Amino acid sequence: MTTTARARVPADASRTEGPALSASGLRARRAAERRRSGAVIVLMAPFFALLTTIFLIPVGTAVYLSFFSDDQPGLGFGAERTVFVGLRSYAAVLTDPTFLGGLGTVALYCLIYLPLMVVSALVLALLLDSGAVRLRAFAQLGLFLPHAVPGIIAALIWLYLYTPGISPVIDLFARADITIDFLGIHTVVPSIVNIAVWSNLGYNMVVFYAALQAVPREVIEASVVDGAGPVRTALQVKTPLVRASIVMVAIFTLIWALQLFTEPMLLSQSSPMISSRFSPSMYIYDAAFTRNNYGLAAAASVVLLMCTIALSYGVTRFTGRADAEEAR
Amino acid sequence: MSATDSSLLRPRLIGRATVNVVVAVSVLYTLLPVLWLVLAATKDRDALFSSDLLSLSDFSLVRNLKDLFAMDGGLYGRWYLNSLLYAVLGAAIGALLSVACGYAFDKYRFRHKEKLFGLVLAAVMVPQTVLALPLYLMASEAGLVNTFWAVFIPVLFNPFGVYLGRIFSRGYVPDEVLEAARVDGAGELTTYVRVSLRMLGPGLVTVFLFQLTAIWNNFFLPMVMLSDQDLYPVSLGLYQWNSSASVSPEYYPVVIMGSLLAVLPLILAFVLLQRFWRSGLTAGAVK
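Predicted model only: the values in this text are computed from it and were never measured.

The rules we used
- Residues numbered from 1 in each chain as written.
- Chains lettered and ligands numbered in written order.
- Predicted model: local features only at pLDDT ≥ 70, side-chain atom pairs only at ≥ 80, totals over all residues.
- Helix = DSSP H or I, 4+ residues; strand = E, 2+ residues; numbered from the N terminus.
- Buried ≥ 20, exposed ≤ 12 C-beta atoms within 10 Å, placed from the backbone.
- Contact = placed C-beta atoms within 7 Å.
- UniProt positions renumbered as here; feature names shortened; annotations may be inferred.
- Expected span 1.5 Å × (residues − 1).
- Bend = angle between axes of the 7 residues up to and from the residue.
- Domains from an automatic or database assignment.
- Nonpolar A, V, L, I, M, F, W, Y, C, P; charged D, E, K, R; others polar.
- pLDDT = per-residue confidence, 0-100.
- Core = buried A, V, L, I, M, F, W, Y, C linked by C-beta atoms within 7 Å.

Enquirer: Before we move on, can you summarise the overall build of chain B with the specific residues and values?
Expert: Of the regular secondary structure elements, chain B holds 15 helices and 0 strands. Expressed as a percentage of its 287 residues, the buried residues of chain B come to 44%. The long-range share in chain B, meaning contacts at least 24 apart out of those at least 6 apart in sequence, stands at 75%.

Below, the structure written as structure tokens:
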């Protein structure tokens with residue numbers, strides 16, 4: 001972040017300006033400083049009050065809870081006591097095959113979803129940017145439309161399109177003598193990926209398209225003069241120039257993917273392939289609100305948080321190194 | 001790669017056709033499910049299961065609408081109003097708070113500024129599911145579980161809005177304007193409200209729209225906090241009705257009709273505020 005030059009003077013600068021400044025001028029300047037800090041506090045306090053209550057205290061509470069447990073004294077009589085259990089909840093979470101299974105599911109989901117999403121959104125943006133597309137504004141609006149469909153409703157629409165008897169898609173396949181079970185054991189993760197791609201493709205395409213529009217036209221003209229065809233221009237000239245957007249989209253896609261909850265939660269109403277602990281987020285919900293095991297839920301939350309931080313950091317580092325190599 | 005030589009017209013034409021086919025197929029992929037929703041909303045239950053979508057013989061749009069608002073004593077209308085209240089009011093207040101904070105990050109110098117900003121960015125990354133249990137426990141401590149406030153207060157928090165607010169403030173509000181206002185003797189907050197906020201208008205609308213979408217989509221938090229059906233937003237209500245549909249199929253047409261109506265406000269907002277969010281996307285993406 002750059003800070004623009006401004007005429008403001010730090011509090012101790014009056015000393016260097018010395019005798020040139022009269023006592024009353026100094027006082028006026030001090031008063032201005034005070035007014036400014038007052039303004040900063042008024043402008044920022046409401047948001048930081050929210051940040052504290054909605055973010056800092058809950059994260060702290062989650063970490064705290066993960067080290068404690070409500071132990072019931074023998075036979076369940078008497079008051080519950082909260083006792084320090086150290087890493088016991090973490091051990092329980094990390095050896096729980098349903099939690100590890102959930103992590104595996106999300107890993108598989110990310111492995112399919114992330115490349116598919118970034119590549120298809122980028123390809124569509126490059127195609128729209130190439131100038132060869134008819135009805136460009138209409139195409140963009142059409143692609144963007146699913147972003148205005150709430151996640152739960154996107155999942156509902158696709159659930160019906162996956163349901164035999166209602167779905168015209170399955171009917172079409174049936175006419176060609178193909179039976180497809182979209183919610184079977186091998187198809188359920190790709191089916192969820194499809195819902196996510198459908199929902200977010202247009203949004204990410206618009207992000208890439210906006211970045212491509214900001215690429216200086218001279219750069220593209222230069223590459224055409226050098227004899228590069230449209231495909232080479234797109235892949236070797238334009239794509240590297242929008243890397244910042246690609247990284248941003250990748251990180252946000254990853255963060256959202258790790259939270260996977262809404263779609264499997266809805267599909268689980270109709271598919272026996274989705275258990276109540278299908279993804280880490282569903283595991284947390286199940287542990288906290290079905291099994292009432294707060295320590296376990298908190299430990300699982302902290303593990304999920306750590307995975308998110310590690311992966312975001314990894315993506316930034318990975319692309320940062322690529323940038324450094326490019327610079328050499 | 002085939003179309004490098006402009007004298008070779010044929011490969012170039014083929015390339016152009018391929019490009020258009022790829023884009024057209026993608027647009028069909030995104031549009032057809034929405035079209036299905038519209039068509040399915042006009043069908044009664046039997047026609048829905050016989051899946052002859054294009055026949056207009058059993059057009060029952062009006063009946064489905066009536067059923068939707070009559071089901072379970074008119075719960076759907078209630079949910080719709082709740083969603084509007086959570087989303088419109090929450091996004092309006094949330095956007096004002098975050099943009100004010102982003103503006104302060106851009107225009108003022110103070111100690112630990114970049115550290116505090118780093119904290120804001122960190123908050124963007126934290127999954128909502130991680131915060132849900134502690135928030136539930138805090139709300140239950142404060143006696144707010146199963147009230148309007150349990151959902152409303154957390155949705156006001158929008159750290160990404162602060163990030164956007166800082167970028168917009170740098171782009172839209174020149175420092176000279178602030179200096180001029182100071183020379184004129186205007187107070188800092190007066191300047192913000194009277195001058196800067198007006199210049200930040202498009203940015204404010206963008207943040208509002210993003211937050212509106214997020215709150216309208218919100219599902220996890222209401223599910224954790226609310227047990228009283230009268231407080232549900234549309235998303236949670238439809239989820240619940242859909243889970244009843246496998247037992248009592250009369251819910252299918254109302255769930256589909258309810259989904260269609262729930263999509264409309266966001267589409268309306270996106271179309272009406274189009275020129276604002278486009279600029280917002282650019283600002284968020286390029287930087």
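Enquirer: Outline the overall build of chain A, listing residues and values.
Expert: Per the secondary structure count, chain A includes 14 helices and 2 strands. Buried residues in chain A amount to 38% of all 328 residues. Of the contacts formed within chain A by residues at least 6 apart in sequence, a portion of 68% connects residues at least 24 apart.

Enquirer: Requested: an account of the UniProt feature "domain: ABC transmembrane type-1" (unreviewed entry) in chain B, with residues and values cited.
Expert: According to UniProt, the "domain: ABC transmembrane type-1" (unreviewed entry) feature falls on residues 80-273 of chain B. Here residues 80-273 of chain B is 80% helix and 0% strand, with 21 Å between the C-alpha atoms at its ends.

Enquirer: Summarise helix α8 (residues 188-213) of chain A; cite the residues concerned and give the values.
Expert: All names here are of chain A. In this model α8 runs 37 Å from its N-terminal to its C-terminal C-alpha over 26 residues, within 8% of the 38 Å that 1.5 Å per residue would give. Of all the bends found along α8, the most pronounced is centred on Asn200 and spans about 45 degrees. Summarising burial for α8: 22 of the 26 residues are buried, a large majority.

Enquirer: I'd like a description of the domain arrangement of chain B, backed by residues and values.
Expert: Residues and elements named next belong to chain B. Structurally, chain B comprises domain 1 (9-61) and domain 2 (64-286). Each partner contributes residues to the interface: domain 1 has 9 residues there, and domain 2 has 10 residues. At the level of elements, α1 (9-40) and α2 (45-50) are the ones that each hand at least two residues to the side of domain 1 that touches domain 2. By residue number, the principal contributor to the side of domain 1 that touches domain 2 is α1, which donates 3 residues. Its residues assigned to classes, the side of domain 1 that touches domain 2 comprises 6 nonpolar, 1 polar and 2 charged.

Enquirer: Go over the interface of chain B and chain A, please, and point to the residues and values.
Expert: Think of interface size as the accessible area that goes away when the parts come together; that is how it is often given. Chain B puts 74 residues into the contact, and the matching count from chain A is 85 residues. Among the elements that line the side of chain B that touches chain A, the one with the most residues is α1 of chain B, at 13 residues. Looking at the side of chain B that touches chain A, its residues break down into 53 nonpolar, 16 polar and 5 charged.

Enquirer: Account for the confidence of the model for chain B, naming residues and giving values.
Expert: The predicted structure's coordinates, where accompanied by low pLDDT, should not be read in detail. Residue and element names in this part refer to chain B. Here chain B averages 84 in pLDDT, while 88% of its residues score no lower than 70. Contacts of residues 1-7 to residues separated by more than four positions or lying in other chains number 12 contacts, the stretch itself having pLDDT below 50. For this predicted complex, the interface confidence reaches an ipTM of 0.85, while the overall pTM sits at 0.84.

Enquirer: Give a description of helix α8 (residues 159-172) of chain B that names residues and reports values.
Expert: Counting along an α-helix, one turn takes 3.6 residues, and residues three or four places apart therefore face a common direction. All names here are of chain B. Here α8 contains 14 residues, and its C-alpha end-to-end distance of 20 Å stays within 8% of the 20 Å for a straight helix at 1.5 Å per residue. Extensive coverage of α8 is indicated by the burial of 11 of its 14 residues. Turning to α8, its buried residues are Pro159, Gly161, Val162, Tyr163, Leu164, Gly165, Arg166, Ile167, Phe168, Ser169 and Arg170.

Enquirer: Just give me the short version of the UniProt feature "transmembrane region" (unreviewed entry) in chain B, but keep the residues and values in it.
Expert: Residues and elements named next belong to chain B. The UniProt entry lists residues 21-41, 84-105, 117-137, 143-164, 204-226 and 251-273 under the feature "transmembrane region" (unreviewed entry), expressed in the numbering used here. Here residues 117-137 runs as 90% helix and 0% strand, with 28 Å between its end C-alpha atoms. Regarding residues 204-226, the helix share stands at 87% and the strand share at 0%, and the terminal C-alpha atoms are separated by 30 Å.

Enquirer: An account of the nonpolar core is requested, with residue identities and associated values reported.
Expert: Counting residues in each nonpolar core, the largest one holds 166 residues, and the members touching the most others are Ala125, Leu156, Phe208 and Ala300 of chain A. Sort the elements by how many residues they give to this core and α8 of chain A lands first, with 16 residues.

Enquirer: Before we move on, can you summarise unusual backbone geometry with the specific residues and values?
Expert: At Asn292 of chain A, a position not held by glycine, the phi torsion is positive, near 55 degrees. By the element assignment, Asn292 of chain A lies in the loop between α13 (280-290) and α14 (294-327). Using a count of 10 C-beta atoms within 10 Å as the deciding quantity, one classes Asn292 of chain A as exposed. A positive phi is found at Asn146 of chain B, a non-glycine position, where the angle reads about 65 degrees. If you trace the backbone, Asn146 of chain B turns up in the loop between α6 (128-141) and α7 (148-155). We classify Asn146 of chain B as partly exposed; it has 14 C-beta atoms within 10 Å.

Enquirer: Now, about the environment of Leu97 of chain B: what can you tell me, with residues and values included?
Expert: Its place among the elements puts Leu97 of chain B in helix α4 (residues 75-107). Exposure remark for Leu97 of chain B: the 25 C-beta atoms within 10 Å place this residue in the buried category. Residues Leu97 of chain B and Leu156 of chain B lie 59 residues apart in sequence; the distance between their C-alpha atoms is 8.4 Å. Setting aside chain neighbours within four positions, we find Leu97 of chain B in contact with Pro46, Phe47 and Leu50 of chain A together with Leu156 of chain B.

Enquirer: Talk me through the confidence of the model for chain A; I want residue IDs and the actual numbers.
Expert: With 88% of its residues at a pLDDT of 70 or more, chain A has an overall mean of 82. This model gives residues 1-18 of chain A a pLDDT under 50, and the stretch forms 8 contacts once residues within four places in sequence are excluded.

Enquirer: Now, about the environment of Phe220 of chain B: what can you tell me, with residues and values included?
Expert: You can see Phe220 of chain B is positioned in helix α12 (residues 220-225). When the C-alpha atoms of Phe220 of chain B and Ala150 of chain B are compared, they prove to be 12 Å apart, with 70 residues separating the residues in sequence. For Phe220 of chain B, the residues in contact, after removing those within four places along its chain, are Phe261 of chain A together with Gln128, Thr129 and Ala132 of chain B.

Enquirer: Describe the environment of Ala250 of chain A, naming the residues involved and giving the relevant values.
Expert: Residues and elements named next belong to chain A. Of note, Ala250 is situated in helix α11 (residues 243-258). On the basis of neighbour counts, which here come to 20 C-beta atoms within 10 Å, the residue Ala250 falls in the buried class. Residues Ala250 and Glu218, spaced 32 residues apart in sequence, show a C-alpha to C-alpha distance of 28 Å. For Ala250, the contacting residues outside a window of four places in its chain are Leu114, Val118 and Val315.

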